[in-house]
Amino acid sequence: MSRYWSRIVHDLTPYVPGEQPKLPNLVKLNTNENPYGPSPKALEAMRAEVGDSLRLYPDPNSDRLKEAIAAFYKVNPAQVFVGNGSDEVLAHAFLALLKHDEPVLFPDITYSFYPVYCGLYDIAYRQLPLTESFEIRVDDYFTPNGGIIFPNPNAPTGRPLALAEIERLLCANTGSMVVVDEAYVDFGAESAVGLVDRYPNLLVVHTLSKSRSLAGLRVGYAIGHPDLIEALGRVKDSFNSYPLDRFAIAGAAAAIEDRAWFEDTCRKVVTTRTRMVADLEAMGFEVLPSAANFVFARHGRHDGAELAAKLRERSIIVRHFKNPPRISPFLRITVGTDEQCETLVSALREILT
Ligand SMILES: Cc1ncc(COP(=O)(O)O)c(C=O)c1O
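What counts and how
Residues numbered from 1 in each chain as written. Predicted model: local features only at pLDDT ≥ 70, side-chain atom pairs only at ≥ 80, totals over all residues. Heavy atoms only, no water. Domains from an automatic or database assignment. Contact = heavy atoms within 4.5 Å. Buried area = accessible area lost by both parts, 1.4 Å probe. Salt bridge = Lys/Arg side-chain N within 4 Å of Asp/Glu carboxyl O. Polar contact = N/O pair within 3.5 Å; in protein donor to acceptor, adjacent residues only side chain to side chain. Helix = DSSP H or I, 4+ residues; strand = E, 2+ residues; numbered from the N terminus. 1 Å grid on protein atoms, 1.4 Å probe; cavity = no way out; pocket = protein on both sides within 12 Å on 5 of 7 lines; lining within 4 Å. Points joined across faces, edges and corners; volume = space filled by probe spheres on them. Nonpolar A, V, L, I, M, F, W, Y, C, P; charged D, E, K, R; others polar. Axes fitted to C-alpha atoms, helices over the stretch in contact; angles between N-to-C directions. Parallel < 35°, antiparallel > 145°, perpendicular 65-115°, else oblique. Core = buried A, V, L, I, M, F, W, Y, C linked by side-chain atoms within 4.5 Å. Buried < 20%, exposed > 50% of the residue type's maximum accessible area, 1.4 Å probe, protein only.

Along its sequence, the protein chain is carved into domain 1 (15–37 + 260–352) and domain 2 (40–257). Computed from C-alpha coordinates alone, the two centres of domain 1 and domain 2 are separated by 25 Å. With 29 residues of domain 1 at the contact, the number on the domain 2 side is 30 residues. When the two sides are added together, the surface that domain 1 and domain 2 hide from each other amounts to roughly 2400 Å², 65% of it contributed by carbon and sulfur. Counting across the interface, domain 1 meets domain 2 through one salt bridge. The partner of Arg326 in a salt bridge is Asp108, with the nearest N and O atoms 4.0 Å apart. At the surface where domain 1 touches domain 2, the tally comes to eight residue pairs in polar contact (both at pLDDT 80 or more). Going through the elements one at a time, α9 (259–282), β10 (294–299) and β12 (330–334) are the ones with two or more residues in the side of domain 1 that touches domain 2.

Okay, the layout of surface pockets next. Here the largest pocket is characterised by a volume of approximately 740 Å³. Ser112, Arg319, Phe321, Lys322 and Asn323 are, among the 29 residues lining the largest pocket, the residues nearest its centre. Elements supplying a minimum of two residues to the lining of the largest pocket: α5 (113–121), α10 (304–313) and β11 (316–318). Residue composition of the lining of the largest pocket, grouped by class: 16 nonpolar, eight polar and five charged.

It is the contact of α9 with helix α11 (residues 338–352), at a shortest axis distance of 10 Å, that shows an interaxial angle of 5°. When the axes of α9 and α11 are compared, the pair comes out roughly parallel. Across the interface between the two elements, Thr272, Arg275, Met276, Asp279 and Leu280 from α9 touch Asp338, Cys341, Leu344, Val345 and Leu348 from α11. Its residues assigned to classes, the contact of α9 with α11 comprises six nonpolar, one polar and three charged.

Our next topic: the nonpolar core. Here is a general trend for soluble globular proteins: nonpolar side chains tend to be buried in one another's company. In terms of nonpolar packing, the biggest core is built from 91 residues, with Leu65 and Leu280 touching the most fellow members. When residues of this core are assigned to their parent elements, the largest contribution, eight residues, is made by helix α8 (residues 246–257). The residues that make up this core include at least three from each of domain 1 (15–37 + 260–352) and domain 2 (40–257). Filtering out sequence-adjacent residues up to four positions away, Leu280 remains in contact with Phe285, Val287, Val295, Ala297, Ile333 and Leu348. Counting residues in hydrophobic clusters, the runner-up holds 28 residues, among them Phe94, Tyr117, Cys118 and Leu232.

Structure (structure tokens):
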């Protein structure tokens, strides 16, 4: 704390990212990274960028990447915005599209960055409780609001919301924005991208950190009506005109274009998830239905914090949330390789006996 701090900095409660420990032989299942590497074509494209052109600023509009994304989703490049990780895209969306007189609505159990952005930009918000079974009940959102945001699948629960439910929400909520954060959608949920032409108030946000295995590159994007994209661009150009460097533009475009690598690695993650869920259930865990590259599981007789600590003693790291108390019995476990998940399952068997 310093007298030189602004009032807003005094009042901030920053987001706490999952830890990135630098220990050897760690089984790291705490931040939902992809266990398979990025597309070799993306790596090659990035290597090709090492050279004299680094003297020059990158393309401020990342046109090459926007074109690759537009071609993948069969939309127009004017419907695409790109940023430095989807966190940056989300931050711009809060300022550009979710700051109004009425509060923003999001679930009480969700991505914990949302209230942080509200704090940063002084946006009022209201958290709506998930149901007993940790589902988003769309009807709860049929109320005056300054915008609605939620992840699909939700984080950290992994539970997906059906596209028909999202469309029902869009039909009932034409007066403000609906932002669907699809960070994990490629692991089994239905994307809302196909609805953007029909709903000018829908913004769909994606990341290359999960299904494209490029968390280290920091690239995210949004798809929506060109007017929404223009709003995001106005914030971007009032903050940092060059959020994506030359490596990010080239590597991300090549990763999007390598559909075969993407589909193959997503399929492998989903296959491992099915096996891991069966193993956890056989040990007495209740596992919420997951459409993500992680599962959210609790054991009736053991507390989440205790299990996380015992796994850590065995160099296995998973994520545990103390708050809200309703989720403190749970562990959020990233789906790793088959081998990593087998190590986790054997460790849990040992701990539970
Ligand atoms: C729901 C959700 N949205 C967005 C992000 C941000 O991803 P990134 O900034 O790496 O694109 C995450 C990261 O874990 C997430 O869980």
